[in-house]
Each structure stands twice: as C-alpha cells, then as structure tokens.
Amino acid sequence: MLHEKSCGAIVYRRFHGNIEILLIKHINSGHWSFPKGHVENNETEIQTARREIKEETSIDVIIDPTFRETVTYSPRRDTLKVVVYFLAKAKNVNFSPQEDEIAEIRWVDIAHATNLLTYENDKTIVAKAKTAIKNKH
C-alpha cells in the first residue's frame, strides 16, 4: 500500500459583508475542491499548504493552524491518501490559475459553496470552516 500526503486550505475573504471561499476546478478530473498539493522534502504541513495555494492560485495566505481537518481516501486501489486542510485568510484576492492543473478558480459565497463542491468530505469541511470563521470575528 502506497501512502500519499497532501496539504491545502479553505481560503477565505470578506467581500461586501459576506464570507467567500476560493474554489478551484481541476483540469484532469473536472471536480471542484480546495487548493492543495503533495508535501515535498522536509516541508511542514503549513509550508506545503502555503506553497501549493501560491502555486495553484497566486494568492498569499495567512494560515490558521488551530483549524486542521483531515480527509482520507483511496485514489487508486493500492494507494491511501491523507489530505490535511487548514483555514487560510487571503492576503490578496486577485488569482491566476496554474495553467497545467487548474481549469477555473472562483470566489464563492460560503453559503453556496456546497452547491459547487464535488465531494461530501469537502462539504463537511466547509460547514466546519464556516463555524470557525464566524467564531473568529
């Protein structure tokens, strides 16, 4: 059994009094999710999340290490993948998709994000993120 680990975040911003989160659509699979990617070398989870968000979207973030959710699934029969998601506040809001991986990027009102997200795991994490963001302010 192969083990893979990725890290990413639910990136959010405040926009006209609403909370919006950043969703990305993957070129290969066509599913909507959050920016994330594989841990490289001796990176920490937070370093991986920050780097992957920057690579995939060109957005710099402030990561909240107190929000940490994990999803485990099997992308292939012989592989177990763990994805760690943090909560991250966007420092800039203009994005630029990584051309070879990302088909589309959108800021979406957090209340409507579940309509776009593909996987139930992600919808559950958005509900937790929504509560965490509300408790911050």
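Residues numbered from 1 in each chain as written. Predicted model: local features only at pLDDT ≥ 70, side-chain atom pairs only at ≥ 80, totals over all residues. Heavy atoms only, no water.

### A few points about the overall build of the protein
In terms of helices and strands, the protein carries three helices and seven strands. Secondary structure elements of the protein occur, N-terminal to C-terminal, as β-β-β-β-α-β-β-β-α-α. Compactness check: the protein gives a C-alpha radius of gyration of 14 Å against a globular reference of 14 Å for 137 residues, within 12% of the reference. Each of the three principal axes of the protein carries a C-alpha extent, and together these read 45 × 30 × 30 Å. Split into buried and exposed, the 137 residues of the protein put 43% on the buried side. Of the roughly 7,400 Å² that the protein leaves accessible, carbon and sulfur atoms contribute 47%. Looking at the protein, you have 20 positive and 19 negative side-chain charges, and the mean spots of the two groups are 6 Å apart. (Helix = DSSP H or I, 4+ residues; strand = E, 2+ residues; numbered from the N terminus. Rg over C-alpha atoms; globule rule 2.2 N^0.38 Å. Buried < 20%, exposed > 50% of the residue type's maximum accessible area, 1.4 Å probe, protein only. Areas by Shrake-Rupley, 256 points an atom, 1.4 Å probe, with all protein chains shown as cover. Lys, Arg positive; Asp, Glu negative; His and termini not counted. Charge placed at Lys NZ, Arg CZ, Asp CG, Glu CD.)

### Remarks on the nonpolar core
Within the largest apolar cluster, 21 residues are counted, with the highest numbers of intra-cluster contacts made by I10, I21, L23, F34 and L87. Broken down by element, this core gets its largest block of residues, five residues, from helix α3 (residues 120-136). Those residues in contact with F34, other than ones at most four positions away along the chain, are A9, I10, I21, L22, L23, I24, Y85, L117, D122 and V126. Within the second largest apolar cluster, 17 residues are counted, among which are A49, V84, A88 and I105. (Core = buried A, V, L, I, M, F, W, Y, C linked by side-chain atoms within 4.5 Å. Contact = heavy atoms within 4.5 Å.)

### Side note on the packing of aromatic side chains
With the rule as written, the count across this model stands at one aromatic pair. Measuring from centroid to centroid gives 5.2 Å for F34 and Y85, while their planes differ by 80 degrees, and the two rings are edge-to-face. Of the two residues, F34 is situated in the loop between β3 (32-33) and β4 (36-38) and Y85 in strand β6 (residues 79-90); the sequence distance between them amounts to 51 residues. Exposure class is identical for F34 and Y85. Each is buried. (Phe/Tyr/Trp six-rings, centres within 6.5 Å; stacked < 30°, edge-to-face > 60°.)

### Structural notes on the pairing of strand β1 (residues 2-15)
Bridge analysis of β1 against β6 gives eleven bridges, and the strand direction is parallel. Following the sheet pairing, S6 is matched in β6 by V83. Across four bridges, the pairing between β1 and strand β2 (residues 18-26) is antiparallel. Bridge assignment links Y12 to a residue of β2, and that residue is I21. In sequence, β1 turns back onto β2 through a hairpin of two residues, with H16 there showing a positive phi of about 50 degrees. (Pairing = 2+ DSSP bridges.)

### Describing α3
The terminal C-alpha atoms of α3, which comprises 17 residues, lie 25 Å apart, in line with the 24 Å expected from a rise of 1.5 Å per residue. Among the residues of α3, those classed as buried are D122, I125, V126, A129, A132 and I133. Burial along α3 is one-sided: seen end-on, the buried residues are contained in an arc of 130 degrees. Relative to its buried face, α3 has exposed residues pointing more than 90 degrees away, namely E120, K134 and N135. (Expected span 1.5 Å × (residues − 1). Arc of directions from axis to C-beta.)

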